[in-house]
Amino acid sequence: MSRAVILLSGGLDSATAMAAARADGHELYALSFRYGQRHAVELAAATAVARSLGATAHQVVDVDLTWIGGSALTAPIPVPKHRLDAGAPVDEIPVTYVPARNTIFLSFALGWAEVLGARDIYLGINAVDYSGYPDCRPEFLAAFEQVARLGTRAGALGGAVRLHAPLAGLDKAAIIQLGVRLGVDYALTHSCYDPDPAGSACGACDSCELRRRGFAQAGVPDPTRYAG
């Protein structure tokens, strides 16, 4: 069985991408990061998801991005609330964008994939994220695949690593419907950017709003525990 490395945040999208990797017949190696994010409760969700989907290994790596700052997820900047319901421009890069995060995470995934002999890396970027996060666009993934070919021993020897974004053309409703078919337990996942101390979702950040809409449009009960 071929091995695949999956970037697993513990959220709805990455859990579905991991289930897609399993459906593609791969042995699963999950990779998560403790990077100073205010919603570090997602790591407990990632552990639960990795166990539920049968990961062979799950690594949680410490990479402190708080010194870079510049994001509401890693610096003392308020997380915007009700931004989408208020009609925020879809092409606006939100303050929850973490500078270079996907570049950093994919670099770690690429190194681990080389050591494992894995030729596939999965991540849960999707169509909803394209306009907001520049490192969630197809052009970025294509460029990183070129980096993988040129900058690794595996690539130099003809064993290029492939990046898979199985959710790239899907909105949240379609992602949820796919995940249900693939056996994802969404009650295990966490998406909120600004949870309360007990880990309950705020219900008002961009991620919560997209998640709520997705479940409603998919016709699937939302298992999320919201504050209040």
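The preceding data block contains the structure.
Parameters and conventions
- Each chain carries its own residue numbering, running from 1 in the direction its sequence is written.
- Totals for whole chains, interfaces and linings use all residues, but because this is a predicted model, local features are given only for residues with pLDDT of at least 70 and pairs of side-chain atoms are given and counted only at 80 or more.
- As a rule here, side-chain values cover all heavy atoms of the structure and leave hydrogens and water aside.
- By definition, a salt bridge exists where a carboxyl oxygen of Asp or Glu is found within 4 Å of a side-chain nitrogen of Lys or Arg.
- Think of it this way: any DSSP run of H or I at least four residues long counts as a helix, any run of E at least two long counts as a strand, and we number them from the N terminus.
- Here the axes come from fitting lines to C-alpha atoms, over the contacting stretch only for helices, and the angles between their N-to-C directions go from 0 to 180 degrees.
- Should the near helix be turned anticlockwise from the far one by less than a right angle, the crossing is termed left-handed; should it be turned clockwise, right-handed.
- We call two residues in contact when some of their heavy atoms are within 4.5 Å.
- In the scheme used here, Gly and all other residues not listed as nonpolar or charged are polar, with Ala, Val, Leu, Ile, Met, Phe, Trp, Tyr, Cys and Pro taken as nonpolar and Asp, Glu, Lys and Arg as charged.
- Ring pairs shown here join Phe, Tyr and Trp side chains whose ring centres sit within 6.5 Å, with only the six-membered ring taken for Trp; geometry is labelled stacked below 30 degrees between planes, edge-to-face above 60, and tilted in between.
- Burial classes follow relative accessibility: with a 1.4 Å probe on protein chains only, a residue under 20% of its type's maximum area counts as buried, one over 50% as exposed, and anything between as partly exposed.
- Distance and angle both matter: a charge sits over a ring if NZ of Lys or CZ of Arg is within 6 Å of the ring centre and within 35 degrees of the ring normal.

Draft legend 1. Summary view of the pattern of salt bridges. In total, this model carries seven salt bridges according to the counting rule given. Residues R162 and D120 are paired through a salt bridge, measuring 3.0 Å at the closest nitrogen-oxygen approach. One end of the pair, R162, is in strand β5 (residues 162-164); the other, D120, is in strand β4 (residues 120-122), with 42 residues separating them in the sequence.

Draft legend 2. Spotlight on the packing of helix α3 (residues 101-116) against helix α5 (residues 138-150). Where α3 contacts α5, the axes come no closer than 12 Å and their chain directions differ by 35 degrees. Crossing hand, α3 versus α5: right-handed. Of the residues in α5, those touching α3 at N102, T103, L106, S107 and L110 are F140, L141, F144 and A148. Residue classes in the contact of α3 with α5 are distributed as six nonpolar, three polar and no charged.

Draft legend 3. Representation of the packing of aromatic side chains. Per the counting criterion, the structure on display carries seven aromatic pairs. On the basis of an interplanar angle of 85 degrees and a centroid distance of 5.8 Å, the ring pair of Y29 and W112 is categorised as edge-to-face. Pair noted here: Y29 is in strand β2 (residues 27-34) and W112 is in helix α3, with a separation of 83 residues, a long-range link. With a relative accessible area of 6%, Y29 lands in the buried category. Aromatic ring contacts, followed pair by pair, group F33, Y35, F105 and F108 into a single cluster. Above the plane of the ring of Y226 lies R212, whose end atom (NZ or CZ) is 4.0 Å from the centre.

These results come straight from atomic positions and should not be treated as a statement about function.
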